[in-house]
Amino acid sequence: MWRRSAVFCFSSRISVSSSSSSSLPNRRLIPWSRELCAVNSLSQPPLSSESTAKLAISGDRSDANRVFASGTVAATSTAGEISSRVAAAAGLGHHYARCYWELSKARLSMLVVATSGTGYILGTGNAAISFPGLCYTCAGTMMIAASANSLNQIFEISNDAKMKRTMQRPLPSGRISVPHAVAWATIAGASGACLLASKTNMMAAGLASANLALYAFVYTPLKQLHPINTWVGAVVGAIPPLLGWAAASGQISFNSMILPAALYFWQIPHFMALAYLCRNDYAAGGYKMLSLFDPSGKRIAAVALRNCFYMVPLGFIAYDWGLTSSWFCVESTLLTLAIAATAFSFYRDRTMQKARKMFHASLLFLPVFMSGLLLHRVSNDNQQPVLEVAGLSISASDDGKSQRRKKRSAQPPVAYASAAPFPFLPAPSFYSP
Ligand SMILES: CC(C)=CCC/C(C)=C/CC/C(C)=C/COP(=O)(O)OP(=O)(O)O
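These numbers come from a predicted model, not from an experiment.

Colleague: Break down the overall build of the protein for me, citing the residues and quoting the values.
Modeller: Across its full length, the protein carries 19 helices and 2 strands. Considering only residue pairs separated by 6 or more positions, the protein has 76% of its internal contacts joining residues 24 or more positions apart. A total of about 20,200 Å² of accessible surface is found on the protein, and carbon and sulfur atoms cover 65% of it.

What follows is the structure, encoded as structure tokens:
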């Protein structure tokens, strides 16, 4: 695509110098030339070199004046020119919209928004879900995630250019300039932080901004330094539901940690599978992923399996802490055992096929887990504050304890079945009035 762009770029320059005035200063094309190349290569159908040239000279008043002064421009040709300029502007708009979309890693950002929205709904507790509040939280998270992802790509241009998976991104392919991408990242990040601060609360805005900094300025450089980057990245991925919860409730409680914990553990098998599948690419890009130091794959398979097992008790904890009904406990247990089975299969037989299976299972896991949490969420008016905006407070009221006991007694057989695989966890106690 870069080569195609370069060809279009070259032809548009020729066209400009021949079809417009030879006095048109070439330097006017330089900042835009690479991006204009991409307009040609991306528009469907591609813009002609002529319209690109018109686009390039559209701001030149002296050229326009010359054309009008000559008196040879008929009304029909003016209309044609206007329509071609409109088409060129639409092409440009489409081109940049696509660049912003890719810079933002929009699909990943939407997944991040889904986790933050889930955190928001869970964090509303007994209160009715505020639809505007949810929308502001999702929009703010989207903007900050877009900014974080754009900064990540700005810092990794030369690495991305060496990897098959990423070489077509807007920056390494030259479809957008670095200053333009920096401006996009700055505006998106600042707008997102302001939106969260003004429409939700400072805790949510602070968590989102700190997470942006962690991702762009700690995780991103760490990728080229040490395999620990995967664990730092897992923290980054775990924060959005916490900020959603904070946006809804203005505080962070023990319950608010369940989804972040699931996200943290979930990312390890997900990224271990990815790092195994793309290890040649990561080596070419100069990244220090654990898979590159583990030729047999045994270590990364063991790490993935271990983290799958860490997720198993989360359903029980969600139920025990009164966040969900016991049905979630059963579903979550089955789900985590299923992903653990794919990790175990990869551990025993470290082939690309098994790694791919574990990767696909991880893709499926998250939406199902979050849907389960939402579906089996129970209104909870006794969330125990751990960290409030004003300070620290760790306490559990007696009322809360007795209510949880009552909840447990609601479906004893389900609760027993769900706790059975975890003899190390406290056995459910059934409340008899
Ligand atoms: C609110 C807020 C700031 C949210 C940010 C959430 C976010 C960006 C999560 C992504 C986590 C992560 C480790 C992605 C992989 O990046 P990578 O650099 O390994 O991916 P790449 O190789 O595709 O570039």
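Colleague: Report on the nonpolar core, specifying residues and quantitative values.
Modeller: Of all hydrophobic cores here, the largest spans 47 residues; its most connected members are Tyr-282, Met-311 and Phe-369. Residue assignment for this core shows that the elements contributing at least two residues are helix H11 (229–249), helix H12 (258–277), helix H14 (298–311), helix H15 (314–320), helix H16 (326–348) and helix H17 (352–375). No other element matches the 12 residues that H12 contributes to this core. Two domains each donate at least three residues to this core, and these are domain 1 (99–248) and domain 2 (253–378). With sequence-adjacent residues up to four places away left out, Tyr-282 is seen in contact with Met-163, Arg-165, Leu-274, Ala-275, Tyr-287, Met-289 and Leu-292. Within the second largest apolar cluster, 29 residues are counted, among which are Cys-99, Leu-151, Leu-196 and Leu-242.

Colleague: Residue-level account of the site of the ligand, with values.
Modeller: Every one of the 18 residues lining the ligand counts as a neighbour, but Arg-165, Arg-169, Tyr-215, Tyr-219 and Lys-223 are closest to it. At 2.7 Å, a side-chain N or O of Arg-165 approaches an oxygen atom of the ligand. Protein burial of the ligand: of its 630 Å² of free accessible surface, 96% is covered by the chains. Secondary structure elements with two or more residues in the shell around the ligand: helix H7 (131–155), helix H10 (202–222) and H11.

Colleague: How would you summarise the domain arrangement of the protein if you had to cite specific residues and measurements?
Modeller: Taken as a whole, the protein is organised into domain 1 (99–248) and domain 2 (253–378). Taken over C-alpha atoms, the centre of domain 1 sits 21 Å from the centre of domain 2. Between domain 1 and domain 2, the contact holds 33 residues from the first and 31 residues from the second. Buried area between domain 1 and domain 2, summed over both chains or domains, comes out near 2,800 Å², and the portion from carbon and sulfur atoms is 71%. Looking at the side of domain 1 facing domain 2, the largest losses of area belong to Leu-122, Trp-231 and Trp-245, adding up to 22% of the total buried there. At the boundary of domain 1 with domain 2, the tally comes to 0 salt bridges. Counting across the interface, domain 1 meets domain 2 through 10 residue pairs in polar contact (both at pLDDT 80 or more). Where the side of domain 1 that touches domain 2 is concerned, the elements lending two or more residues are helix H6 (106–123), helix H8 (157–162) and H11. Take the side of domain 1 that touches domain 2: its biggest share by element is 11 residues, from H11.

Colleague: Go over the pattern of salt bridges with me, naming the residues and quoting the values.
Modeller: Pairing between side chains of opposite charge can happen when their charged atoms approach one another. Within this structure, the stated rule accounts for 6 salt bridges. With a shortest N-O distance of 3.3 Å, Arg-169 and Asp-160 are connected by a salt bridge. Each member of the pair, Arg-169 as well as Asp-160, carries the same accessibility label: buried. One salt-bridge network, in which partners are shared between bridges, spans Arg-98, Glu-102 and Arg-175.

Colleague: I'd like a description of the state of the cysteines, backed by residues and values.
Modeller: Scanning the model with the defined rule gives 0 disulfides in all. Cys-138 carries a free sulfur, and the closest cysteine sulfur to it, the one in Cys-135, is 6.7 Å from it. Looking at Cys-329, it has no disulfide partner, and the nearest cysteine sulfur is the one in Cys-308, 18 Å off.

Colleague: So, a nonpolar patch on the surface: which residues are in play, and what are the values?
Modeller: A surface patch of nonpolar side chains, about 280 Å² in accessible area, is lined by Phe-155, Phe-217 and Val-218. The topology assignment puts Phe-155 in helix H7.

Colleague: Run through the UniProt feature "transmembrane region" (unreviewed entry) in the protein, naming residues and quoting values.
Modeller: The positions that UniProt labels "transmembrane region" (unreviewed entry) are, in the present scheme, residues 202–219, 231–252, 258–278, 299–319, 325–347 and 359–378. The span residues 299–319 is 90% helical and 0% strand by assignment, and the distance between its end C-alpha atoms comes to 33 Å. Its end C-alpha atoms 33 Å apart, residues 325–347 is made of 96% helix and 0% strand.

Colleague: Describe the packing of H12 against H14, naming the residues involved and giving the relevant values.
Modeller: Running from N to C, H12 and H14 point in directions that differ by 155°, and their axes come no closer than 8 Å. In terms of their interaxial angle, H12 and H14 are classed as roughly antiparallel. Considering how the two elements wind past one another, H12 and H14 form a crossing that is left-handed. Mapping the contact onto sequence places Ala-262, Phe-265, Trp-266, Ile-268, Pro-269, Met-272 and Tyr-276 in H12 and Ile-300, Val-303, Ala-304, Asn-307, Cys-308, Tyr-310 and Met-311 in H14. Of the residues assigned to the contact of H12 with H14, the class counts are 13 nonpolar, 1 polar and no charged.

Colleague: Now, about the packing of aromatic side chains: what can you tell me, with residues and values included?
Modeller: One pair of aromatic rings is described through two measures. These are the centre distance and the angle between the planes. On inspection of all chains with the given rule, the structure shows 12 aromatic pairs. Counting every residue linked through ring pairs, the aromatic cluster contains Tyr-96, Tyr-100 and Trp-184. For Lys-223, the ring lying beneath its charged end belongs to Tyr-287, and the centroid distance is 4.3 Å.

Colleague: Now, about unusual backbone geometry: what can you tell me, with residues and values included?
Modeller: The backbone of Lys-105 shows a phi angle near 45°, a positive value even though the residue is not glycine. Note on placement: Lys-105 falls in the loop between helix H5 (75–103) and H6.

Here is what the cut-offs are and how they apply
Residues numbered from 1 in each chain as written. Predicted model: local features only at pLDDT ≥ 70, side-chain atom pairs only at ≥ 80, totals over all residues. Heavy atoms only, no water. Helix = DSSP H or I, 4+ residues; strand = E, 2+ residues; numbered from the N terminus. Contact = heavy atoms within 4.5 Å. Areas by Shrake-Rupley, 256 points an atom, 1.4 Å probe, with all protein chains shown as cover. Core = buried A, V, L, I, M, F, W, Y, C linked by side-chain atoms within 4.5 Å. Buried < 20%, exposed > 50% of the residue type's maximum accessible area, 1.4 Å probe, protein only. Domains from an automatic or database assignment. Near = heavy atom within 4 Å. Polar contact = N/O pair within 3.5 Å; in protein donor to acceptor, adjacent residues only side chain to side chain. Buried area = accessible area lost by both parts, 1.4 Å probe. Salt bridge = Lys/Arg side-chain N within 4 Å of Asp/Glu carboxyl O. Disulfide = S-S within 2.5 Å. Patch = residues over 30% accessible without salt bridge, like charges linked within 9 Å, V, L, I, M, F, W, Y side chains within 5 Å. UniProt positions renumbered as here; feature names shortened; annotations may be inferred. Axes fitted to C-alpha atoms, helices over the stretch in contact; angles between N-to-C directions. Parallel < 35°, antiparallel > 145°, perpendicular 65-115°, else oblique. Left-handed = near helix turned anticlockwise from the far one by under 90°. Nonpolar A, V, L, I, M, F, W, Y, C, P; charged D, E, K, R; others polar. Phe/Tyr/Trp six-rings, centres within 6.5 Å; stacked < 30°, edge-to-face > 60°. Lys NZ or Arg CZ within 6 Å of the ring centre and 35° of its normal.

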